[in-house]
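Close look at the chain arrangement
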Amino acid sequence: VPGHLYIASAPPAPCGHPDGFNDRIYDVDPVTGLWQIFTIIPNGLCGIISGLAFTPDGTRLRTANYWTSQILEIDGDGNVTAVLGPPQGIAGPDGNNGLAYDAAGDFFVANSAEILDFPAAGGTAIVFASPVLAPSSLAFAPNGDLYAGHIDGVTRFAPDGTGTPFAPFLGALVDVNQSGDAFILAASGLYRYPGGDPNMQMLLTPRGFLGTGDVSMALSPDEQSLYVANGGRLWSVDVGSGALTLLINSGTGWDDGMAVFVPEPGSLSVFFVVAVMLCRSRPPRSSSNGGGG
């Protein structure tokens, strides 16, 4: 659904373990506050998912499975398929924003100690950057540079894979808007870097509004706010003033990855027609408002 957030929730242990349960992805409307379970990862494919990214054509959603070293793909009906795995070089993919597509449609994965580039045309993955220890967040700038948050800080990589240290925050989350402003969520707070200039650090808000545990982050469709999910709560942070708004307190565990569905302008009419057809052919799915999906 255009404008909706899709947020991953992973158990503390793989499904099948006494302390685990099946991973799930929630469909969240930040405007109305309504939310529901979009899909539950089935047995055999679940096992601590993290990170979400829509394919460039907007028809499928991808997530990383740490335990099985796979990239899963989910269609609009919630059907789950493994599309990449160990034979293609996937090994311990992790990070709450560890998947990204570049402008050419290449698919980038935060692997256990490197960043992989899967060409849009297909074929063998390219090691884009290595070693990069425990990369957890990937975000492309309009000029093609790739920001990566990892265990040693935040690095900005040129399109040829050459890396330059950007900020010293360890394991931070990163996002970039169409103006090239970089946003970094670190242990001390949420920062904005206008134009991607590392010397122009602006503190939007201290991190005190967040609890412990995992966090995921994504820009709103109009890029005027940053959505931040943590401990089942969804916050909106104004990118200009840093003003905080608590949008939803769901009581669930969503916080392991987030993607906002923003279809290409030319495809909006197609999505509208498909939505009308689905509404006519299928019964409505139940929704929740703070009740667990």
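The rules we used
- Residues numbered from 1 in each chain as written.
- Predicted model: local features only at pLDDT ≥ 70, side-chain atom pairs only at ≥ 80, totals over all residues.
- Heavy atoms only, no water.
- Helix = DSSP H or I, 4+ residues; strand = E, 2+ residues; numbered from the N terminus.
- Polar contact = N/O pair within 3.5 Å; in protein donor to acceptor, adjacent residues only side chain to side chain.
- Contact = heavy atoms within 4.5 Å.
- Pairing = 2+ DSSP bridges.
- Axes fitted to C-alpha atoms, helices over the stretch in contact; angles between N-to-C directions.
- Disulfide = S-S within 2.5 Å.
- Buried < 20%, exposed > 50% of the residue type's maximum accessible area, 1.4 Å probe, protein only.
- Salt bridge = Lys/Arg side-chain N within 4 Å of Asp/Glu carboxyl O.

**Side note on the side chain of serine 220**
- Mapped onto the secondary structure, serine 220 falls in the loop between strand E20 (215-219) and strand E21 (225-230).
- Within the structure, serine 220 has its side chain in polar contact with the backbone nitrogen of glutamine 224 (distance 3.4 Å).
- In this structure serine 220 touches Ser225 and Tyr227, once residues within four positions along its chain are discounted.

**Quick word on the sheet that holds strand E24 (residues 258-260)**
- Taken in spatial order, the four strands of this open sheet run E3-E2-E1-E24, and their pairing is antiparallel. Of all strands in the sheet, those bounded by a partner on one side alone are strand E3 (35-40) and E24. On average, each strand axis in the sheet is tilted by 25 degrees relative to the strand beside it, whichever way the strands run.
- Bridge count between strand E2 (residues 24-28) and E3: five bridges; the pairing is antiparallel. Paired with arginine 24 across the bridge in E3 is isoleucine 40.

**Some details on the state of the cysteines**
- Across all of its chains, the model carries one disulfide by this definition.
- Residue pairing for cysteine 15: its cysteine sulfur links by disulfide to cysteine 46, the two sulfurs lying 1.7 Å apart. Classification of the bridge connecting cysteine 15 and cysteine 46 rests on its S-S torsion, roughly 90 degrees, and on that basis the disulfide is right-handed. Highlighted residues: cysteine 15 in the loop between strand E1 (5-9) and E2 and cysteine 46 in the loop between E3 and strand E4 (49-54), separated in sequence by 31 residues.
- Residue class for cysteine 46 comes out buried when judged on its relative accessible area of 5%.

**Side note on the side chain of histidine 150**
- Within the fold, histidine 150 resides in strand E13 (residues 146-150).
- With a relative accessible area of 8%, histidine 150 lands in the buried category.
- A polar contact of 2.8 Å, which involves the side chain of histidine 150, links it to the side chain of threonine 155.
- When neighbours within four sequence positions are excluded, histidine 150 is seen to be in contact with Val132, Leu133, Ala134, Pro135, Ser136, Thr155, Phe169, Leu170 and Gly171.

**As for the pattern of salt bridges**
- Under the definition given, this model contains four salt bridges.
- Its salt-bridge partner being glutamate 73, residue arginine 60 comes within 2.8 Å of it at the nearest N-O pair. Taken together, the positions of arginine 60 in the loop between E4 and strand E5 (61-65) and glutamate 73 in strand E6 (residues 70-74) put the pair 13 residues apart, joining distant regions of the chain.
- Judged by its relative accessible area of 29%, arginine 60 falls in the partly exposed class.

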